[in-house]
Amino acid sequence: MRYRPLSNACLGAIIMAAAAAFPSVAFAHPVFAPFDKTQFAPITRSGALITLEPVAKGLISPVKGVTAPGEPHPLYIVDQPGKIWRVNIGPGATLPADVANPPGQVPFMDLSSLMVTLGILGPNTYDERGLLGLAFHPQRQRNGLLYTFLSVPNAGPATLPTTMPAGIAPDHQSVVVEWRNQGGVVGSPRVVLRFDKPS
């Protein structure tokens, strides 16, 4: 006996009929993730009062905030267009609404000149590239080392074998860069890792 495959129209009609006959199944979660009966606890008021206090302004696209070993009060904020800001988050570090240049917010590093031009559809448009990470060495107070993760123009062979197809050049490279910053003086960068990235 030979079977003929169902046409798309026939298959669609069967699915629609099943959805009409069993509406709860039609909109249910998949069998491998059965969360149909999930019930969340009600949100109730508690004694804790939470308020938000702005401590920085003028950031374009902040992606990360980190503290450095041995420095409990400054928060180092990574802004995707290429700047790292040092912001005081210690006691009394609220930001008055009328202050244009907050005294507790100072530029720490500006890496925008090293990066690819951001904006896939032109300036000030969406982009996933940029300055995306910052980490301080655990012994930073002694050695001054910190590391950044950013998108740069192609500038050399990748550290690891490239994942780009043969004959296709990478759009840009992502790099992990080591910096020595002691006494406010930034030393020369050292590229630790370099990855080829597609567009």
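Attention here is on the structure that accompanies the text. (Residues numbered from 1 in each chain as written. Predicted model: local features only at pLDDT ≥ 70, side-chain atom pairs only at ≥ 80, totals over all residues. Heavy atoms only, no water.)

When helices and strands are tallied, the chain shows three helices and nine strands. Across the 199 residues of the chain, 27% fall into the buried class. Excluding contacts between residues fewer than 6 apart, the proportion of contacts in the chain whose partners are at least 24 apart in sequence is 50%. Of the accessible surface of the chain, which amounts to about 14200 Å², a share of 62% is contributed by carbon and sulfur atoms. (Helix = DSSP H or I, 4+ residues; strand = E, 2+ residues; numbered from the N terminus. Buried < 20%, exposed > 50% of the residue type's maximum accessible area, 1.4 Å probe, protein only. Contact = heavy atoms within 4.5 Å. Areas by Shrake-Rupley, 256 points an atom, 1.4 Å probe, with all protein chains shown as cover.)

The next point concerns the pattern of salt bridges. Per the stated rule, a full pass over the model turns up five salt bridges. Aspartate 171 is paired through a salt bridge with arginine 129; the nearest N and O atoms lie 3.2 Å apart. Of this pair, aspartate 171 sits in the loop between strand E6 (145–152) and strand E7 (172–182) while arginine 129 sits in the loop between strand E4 (105–110) and strand E5 (131–136), and the two are 42 residues apart along the sequence. With a shortest N-O distance of 2.9 Å, glutamate 178 and arginine 190 are connected by a salt bridge. (Salt bridge = Lys/Arg side-chain N within 4 Å of Asp/Glu carboxyl O.)

One pass over the structure, following the stated rule, counts two aromatic pairs. When the ring of tyrosine 76 is compared with that of phenylalanine 108, the centres are 4.8 Å apart and the planes differ by 65°; the resulting orientation is edge-to-face. On the criterion of sequence distance, the pair formed by tyrosine 76 in strand E2 (residues 71–79) and phenylalanine 108 in strand E4 is long-range, its members being 32 residues apart. Each member of the pair, tyrosine 76 together with phenylalanine 108, is buried. (Phe/Tyr/Trp six-rings, centres within 6.5 Å; stacked < 30°, edge-to-face > 60°.)

Spatially, four strands are ordered E1-E2-E3-E4 in an open sheet, and the strand pairing comes out antiparallel. At either end of the open sheet lies a strand with only one pairing partner, and these are strand E1 (62–68) and E4. On average, each strand axis in the sheet is tilted by 30° relative to the strand beside it, whichever way the strands run. Where E2 meets strand E3 (residues 83–88), six bridges bridge the pair, whose relative direction is antiparallel. Residue pairing in the sheet places isoleucine 77 in a bridge with tryptophan 85 of E3. (Pairing = 2+ DSSP bridges. Axes fitted to C-alpha atoms, helices over the stretch in contact; angles between N-to-C directions.)

Along the polypeptide, alanine 155 turns up in the loop between E6 and E7. Along the sequence, alanine 155 and glutamine 173 sit 18 residues apart, while their C-alpha atoms lie 7.8 Å from each other. Not counting chain neighbours up to four residues away, the residues in contact with alanine 155 comprise Gln173 and Arg194.

Take the nonpolar core next. In this structure, Tyr76, Leu134 and Leu150 are the most contacted members of the largest nonpolar core, which totals 18 residues. Listed by contribution, the elements that provide at least two residues to this core are E1, E2, E4, E5, E6 and E7. Here tyrosine 76 is in contact with Lys64, Gly65, Val66, Ala68, Glu71, Ile84, Trp85, Arg86, Phe108, Leu134, Phe136 and Arg140, once residues within four sequence places are set aside. (Core = buried A, V, L, I, M, F, W, Y, C linked by side-chain atoms within 4.5 Å.)

Now for the side chain of glutamate 178. Position of glutamate 178 among the secondary structure elements: in strand E7. Classification of glutamate 178 as buried rests on a relative accessible area of 13%. At 2.8 Å, the side chain of glutamate 178 forms a polar contact with the side chain of tyrosine 147. With sequence-adjacent residues up to four places away left out, glutamate 178 is seen in contact with Leu145, Leu146, Tyr147, Ser188, Pro189, Arg190 and Val192. (Polar contact = N/O pair within 3.5 Å; in protein donor to acceptor, adjacent residues only side chain to side chain.)

Below, the discussion takes up a nonpolar patch on the surface. A surface patch of nonpolar side chains, about 390 Å² in accessible area, is lined by Ile120, Leu121 and Tyr126. Here leucine 121 is to be found in the loop between E4 and E5. A relative accessible area of 74% means that leucine 121 is categorised as exposed. (Patch = residues over 30% accessible without salt bridge, like charges linked within 9 Å, V, L, I, M, F, W, Y side chains within 5 Å.)

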